[in-house]
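# Chain and residue survey
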Amino acid sequence: QGQMRQGYYAAVTHTDWLVGKLLRALEATGRSQETLVIVTSDHGWQLGEHGEWGKHTNFEASLQVPLLIRAPWKKKSVGSHTSSFVELIDLYRSIVSLA
């Protein structure tokens, strides 16, 4: 179980590094202020929470997904966070409105 957690956290850390690499590349090419970046994923794995080891549960932790939106031209939103309810079904409409 410890190895499973370690491997999962290593994958998350690597993904974080890749997002940083993408943002640095945008900065290096001068495109960072005009590029919309959206990061999301599935809900990941239960790593022993509630005794579950997998993806097929209905506990609240398994129903939430990350959603990061970087739209630097929306000055009021830079660095902000929200605890609002968001559904990925709304993502397309949000992308179009930001374009």
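Scroll up a little and you will see the structure.
Presented here is a report on the structure given in the accompanying data block. Since the model is a prediction, treat every value here as computed from it, not as a measurement.

## Let's talk about the overall build of the protein chain
Helix and strand counts for the protein chain stand at three helices and four strands. Reading the protein chain from its N end, one meets helices and strands in the order α-β-β-β-α-β-α. Against the 2.2 N^0.38 benchmark of 13 Å for 99 residues, the protein chain shows a C-alpha radius of gyration of 16 Å, more extended than a compact globule. With the C-alpha coordinates of the protein chain rotated into their principal frame, the extents come out at 45 × 30 × 20 Å.

## With respect to the packing of aromatic side chains
Scanning the model with the defined rule gives one aromatic pair in all. An angle of 65 degrees between the planes, with centres 6.2 Å apart, marks the rings of Tyr 8 and Tyr 9 as edge-to-face. By relative accessible area, Tyr 8 is classed as partly exposed at 27%. Judged by its relative accessible area of 45%, Tyr 9 falls in the partly exposed class.

## Details of the pattern of salt bridges
Within the structure shown, the criterion is met by one salt bridge. Glu 34 is the salt-bridge partner of Arg 31, the closest N and O atoms lying 2.5 Å from each other.

## Concerning the environment of Trp 73
Among the structural elements, Trp 73 can be located in the loop between β4 (67–70) and α3 (91–98). Taking C-alpha positions, Trp 73 is 10.0 Å from Ser 32, a pair spaced 41 residues apart along the chain. Not counting residues up to four positions away in its chain, the partners in contact with Trp 73 are Gln 33, Glu 34, Thr 35, Leu 36 and Leu 98.

## With respect to a nonpolar patch on the surface
A cluster of nonpolar side chains, contributed by Val 65, Leu 67, Ile 69, Val 86 and Leu 88, occupies part of the molecular surface with about 360 Å² of accessible area. Structurally, the position occupied by Leu 88 is in the loop between β4 and α3.

## Looking at the environment of Gly 2
Within the secondary structure, Gly 2 sits in helix α1 (residues 2–28). For the pair Gly 2 and Leu 47, spaced 45 residues apart in the sequence, the C-alpha separation amounts to 9.3 Å.

## Looking at the side chain of Ser 32
Note that Ser 32 resides in the loop between α1 and β1 (37–40). We classify Ser 32 as buried; its relative accessible area is 3%. In this structure the side chain of Ser 32 is engaged in a polar contact, spanning 2.9 Å, whose partner is the side chain of Glu 27. If near-sequence neighbours (up to four positions away) are discounted, Ser 32 is found in contact with Leu 26, Glu 27, Arg 70 and Pro 72.

## A look at the environment of Gln 1
With respect to the helices and strands, the residue Gln 1 is situated in the segment before α1. Classification of Gln 1 by relative accessible area gives exposed; the value is 60%. Each C-alpha atom, one on Gln 1 and one on Gly 48, is 8.0 Å from the other, the two residues being 47 residues apart in sequence.

About the cut-offs
Residues numbered from 1 in each chain as written. Predicted model: local features only at pLDDT ≥ 70, side-chain atom pairs only at ≥ 80, totals over all residues. Heavy atoms only, no water. Helix = DSSP H or I, 4+ residues; strand = E, 2+ residues; numbered from the N terminus. Rg over C-alpha atoms; globule rule 2.2 N^0.38 Å. Phe/Tyr/Trp six-rings, centres within 6.5 Å; stacked < 30°, edge-to-face > 60°. Buried < 20%, exposed > 50% of the residue type's maximum accessible area, 1.4 Å probe, protein only. Salt bridge = Lys/Arg side-chain N within 4 Å of Asp/Glu carboxyl O. Contact = heavy atoms within 4.5 Å. Patch = residues over 30% accessible without salt bridge, like charges linked within 9 Å, V, L, I, M, F, W, Y side chains within 5 Å. Areas by Shrake-Rupley, 256 points an atom, 1.4 Å probe, with all protein chains shown as cover. Polar contact = N/O pair within 3.5 Å; in protein donor to acceptor, adjacent residues only side chain to side chain.

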